[in-house]
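The primary structure of each chain is shown beneath.
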Amino acid sequence: MTNKRWIGLVALLVAEAMNLLDATIVQVAAPVIHSELGGRTSDIQWFSAAYTLPFAALLITGGRLGDRYGRRRTFVVGVTAFVLASAMCALVSDAGLLIGSRAVQGAAAALVIPQTIGLIKSSFTGPQLAKALGTIGPVMGLAGISGPLLGGFITEVSSWRAVFLVNVPLGLAVLALSRLLPESASPRPPGIDAVGTVLLTVGTALIVYPVLQSRDWLLLGAGVAVLGACALQQRRRSSGRLIETSLFAHRGFAPALITSTLFFGVLSGVTLVVVLHQQLTLHHSVMHSSLTLLPWSAASGAASLVAGQWLVARFGSRLMYAGLGVLVAGLAITPYALALGLAVGGVGVGLFTTAFFTEALHRVEPHETGSAAGLLNAVQQFGGTFGVAAFGSLFLHHPVGVDRAVWVAVAVVLVTFATAHLMRSQRWPCWSRRGRAVPEPVRIGQ
């Protein structure tokens, strides 16, 4: 029985990795896809944004569906839809159909990812639970590093279609192993806030669309108005809210959401600009552009591991400032020495993320943790979508080279310094060697 639980854990980890791989692989392959399928230049950005937008908007609702109807059942439905959408992505002959299939992929991933922690907790207890949860970070780190490399390698030796087809055997293996997972659901099933979900999705789409494509800024204003209506609807709803409004009673949580949006917007935007510059300006191969990102990913993973094991416990949330400072230094170096700049910037990313999530969640009440983590993950995805939209448009539609795009990223990171400072409404119990308790580092998938 014990072996079956660990084999079931493999299914969950593969599903988590599939989501992260699918988001990063396509970024590298996007210019090649566009060259074959044709269409508008903005489609390059939509190949990524069409996935992350529904994923972010439906992430919290996906978690509620698992709580209500069964986490394994929801997980299986999501993986099945993900496999079918991946096959559709590989078979399409039109950019618009690919974008639509990517949206279905993102919606399916929103059903899969929120179930992972709940299913692990249902399968393991005691020390085995801690060991099982501890496998998520390394697997996500490996997926984050290998995503661009796999995207470049598969596209180079086969075609961009194989990038999507690789999900089919992986997904079928996950479905076969999912029979070993126990069914679990919340003893008090939450309500499903369909109105809030629709308002959040529509409002975000209205904001992203003009940045990506139309330049119709009236749509952006309409998106802000719809999100305002969503916030009002959440305050007035008595139960089953999409967003737990009590979280905003914690000073520092709202700035954490802004910080996450800005920071992950820079991450996604910079990696996209580097890939576009390598392939469209310098005319390097897909494999070459994917290898270019290796210092960024590898340094980020290594720094995150060191921060989680040692640095957060000693320096607390001050590590956020160190990470942002190192990231600015790396970005400043990038126009002159790309590999070195990306490596230094990756160190900054790893230092910041571990300290950021720990600071964002350490004052949240136990009954709010699930909602807070889900909301932070959703905002992280929204930030990535906005980053792809803004930086991609800056590079593709304006006479702005990679150098100027990098300096825009530096400006955004400097703003992030201010919002990160607002998160610290009070100091942690210990900053130094006095031996008093500090929060355990919190890791959330990137």
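As the structure is a prediction and not an experimental result, all values here were calculated from the model.

The next point concerns the overall build of the protein. Counting its secondary structure elements, the protein contains 18 helices and zero strands. Each of the three principal axes of the protein carries a C-alpha extent, and together these read 55 × 50 × 45 Å. The buried share of the protein, taken over its 446 residues, is 52%. Counting contacts in the protein only where the partners sit at least 6 residues apart, residues at least 24 apart contribute 83% of the total. For the protein, the computed accessible surface area is about 18,400 Å², with 66% contributed by carbon and sulfur atoms.

Residues F75, L98 and F356 are the most contacted members of the largest nonpolar core, which totals 119 residues. Every residue in contact with F356, bar those within four places of it in the chain, is listed here: A256, T259, S260, M320, L376 and M423.

Our next topic: the packing of helix 15 (residues 318-333) against helix 16 (residues 338-361). Direction vectors running N to C along helix 15 and helix 16 enclose 160°, while the axes themselves pass 7 Å from each other. Classified by the interaxial angle, the pair formed by helix 15 and helix 16 is roughly antiparallel. The handedness of the crossing between helix 15 and helix 16 comes out as left-handed. Here helix 15 contributes L319, M320, G323, L324, V326, L327, A329, G330 and I333 to the contact with helix 16, which in turn contributes L340, G341, V344, G345, V347, G348, V349, L351, F352, A355, F356 and E359. A class-by-class count of the residues in the contact of helix 15 with helix 16 yields 15 nonpolar, five polar and one charged.

On to the packing of helix 12 (residues 253-281) against helix 16, then. Between two packed helices, the angle of one axis relative to the other and the distance separating the axes together describe the packing. Packing of helix 12 against helix 16 brings their axes to within 12 Å, and their N-to-C directions diverge by 160°. The angle between helix 12 and helix 16 places the two elements in the roughly antiparallel class. The crossing of helix 12 and helix 16 is left-handed. Every residue of helix 16 that contacts helix 12 at F253, A256, T259, S260, F263, F264, L267, V274 and Q278 is listed here: L338, L342, V349, F352, T353, F356, F357 and A360. In terms of residue class, the contact of helix 12 with helix 16 is built from 13 nonpolar, four polar and no charged.

Under the 1.5 Å per step criterion, the end-to-end length of helix 11 (residues 217-236) is 29 Å for 20 residues, consistent within 8% with the ideal 28 Å. If you check which residues of helix 11 are buried, you get G223, V226, C230, Q233 and Q234. Taken around the axis of helix 11, the buried residues stretch over an arc of 100°, which confines them to a single face. For helix 11, exposure combined with an orientation more than 90 degrees from the buried face picks out W217, L218, R235 and R236.

This part is about helix 14 (residues 294-315). At A307, helix 14 shows its maximal kink, close to 55°. Inspection of helix 14 places W296, S297, A299, S300, A303, S304, A307, G308 and V312 among the buried residues, and these make up the whole buried set. Residue G316 follows helix 14 closely and has a positive phi angle near 60°.

Our next topic: the packing of aromatic side chains. Going through the model one piece at a time under the given rule, you end up with 10 aromatic pairs. On the numbers, 4.6 Å between centres and 55° between planes, the contact of W6 with F124 is tilted. Taken together, the positions of W6 in helix 1 (residues 2-37) and F124 in the loop between helix 5 (115-123) and helix 6 (126-133) put the pair 118 residues apart, joining distant regions of the chain. With a relative accessible area of 24%, W6 lands in the partly exposed category. Judged by its relative accessible area of 1%, F124 falls in the buried class. When the ring of F248 is compared with that of F253, the centres are 5.8 Å apart and the planes differ by 75°; the resulting orientation is edge-to-face. The exposure class assigned to F248 is partly exposed, which follows from its relative accessible area of 39%. Overall, the relative accessible area of 2% leaves F253 in the buried class. Taken together, the ring pairs connect F263, F264, F352, F356 and F357 into an aromatic cluster.

Attention shifts here to the pattern of salt bridges. This model, assessed by the stated rule, comprises five salt bridges. Note that R40 and D43 form a salt bridge whose closest N and O atoms lie 3.7 Å from each other. Residue classification places D43 among the buried positions, given a relative accessible area of 3%.

We now examine the side chain of T385. Looking at where T385 falls in the secondary structure, it is placed in helix 17 (residues 369-397). Classification of T385 by relative accessible area gives buried; the value is 0%. Of the polar contacts made by the side chain of T385, one reaches the side chain of T52; its length is 2.6 Å. Residues contacting T385, with those up to four places away along its chain left out, are A49, T52, L53 and V208.

Of note, the phi angle at H283 is positive, near 60°, even though the residue is not glycine. Along the chain, the position of H283 falls in the loop between helix 12 and helix 13 (286-292). Given a relative accessible area of 65%, H283 falls into the exposed group.

We now examine the environment of D403. With respect to the helices and strands, the residue D403 is situated in helix 18 (residues 402-423). Judged by its relative accessible area of 39%, D403 falls in the partly exposed class. Sequence spacing of D403 and T334 is 69 residues, and the spatial spacing of their C-alpha atoms is 8.1 Å.

So, on to the confidence of the model for the protein. Detailed reading of the predicted coordinates is not advisable wherever pLDDT falls low. A residue-level look at the protein finds 92% of positions with pLDDT of 70 or above and a mean pLDDT of 86. Low confidence marks residues 426-438, where pLDDT is under 50. Its contacts with residues over four positions away, or in another chain, come to 23 contacts.

As a further point, take the side chain of S260. Its location among the elements puts S260 in helix 12. Excluding residues within four positions of it along the chain, S260 makes contact with G265, F356, L376, V379 and Q380.

Rules and cut-offs
Residues numbered from 1 in each chain as written. Predicted model: local features only at pLDDT ≥ 70, side-chain atom pairs only at ≥ 80, totals over all residues. Heavy atoms only, no water. Helix = DSSP H or I, 4+ residues; strand = E, 2+ residues; numbered from the N terminus. Buried < 20%, exposed > 50% of the residue type's maximum accessible area, 1.4 Å probe, protein only. Contact = heavy atoms within 4.5 Å. Areas by Shrake-Rupley, 256 points an atom, 1.4 Å probe, with all protein chains shown as cover. Core = buried A, V, L, I, M, F, W, Y, C linked by side-chain atoms within 4.5 Å. Axes fitted to C-alpha atoms, helices over the stretch in contact; angles between N-to-C directions. Parallel < 35°, antiparallel > 145°, perpendicular 65-115°, else oblique. Left-handed = near helix turned anticlockwise from the far one by under 90°. Nonpolar A, V, L, I, M, F, W, Y, C, P; charged D, E, K, R; others polar. Expected span 1.5 Å × (residues − 1). Arc of directions from axis to C-beta. Bend = angle between axes of the 7 residues up to and from the residue. Phe/Tyr/Trp six-rings, centres within 6.5 Å; stacked < 30°, edge-to-face > 60°. Salt bridge = Lys/Arg side-chain N within 4 Å of Asp/Glu carboxyl O. Polar contact = N/O pair within 3.5 Å; in protein donor to acceptor, adjacent residues only side chain to side chain. pLDDT = per-residue confidence, 0-100.

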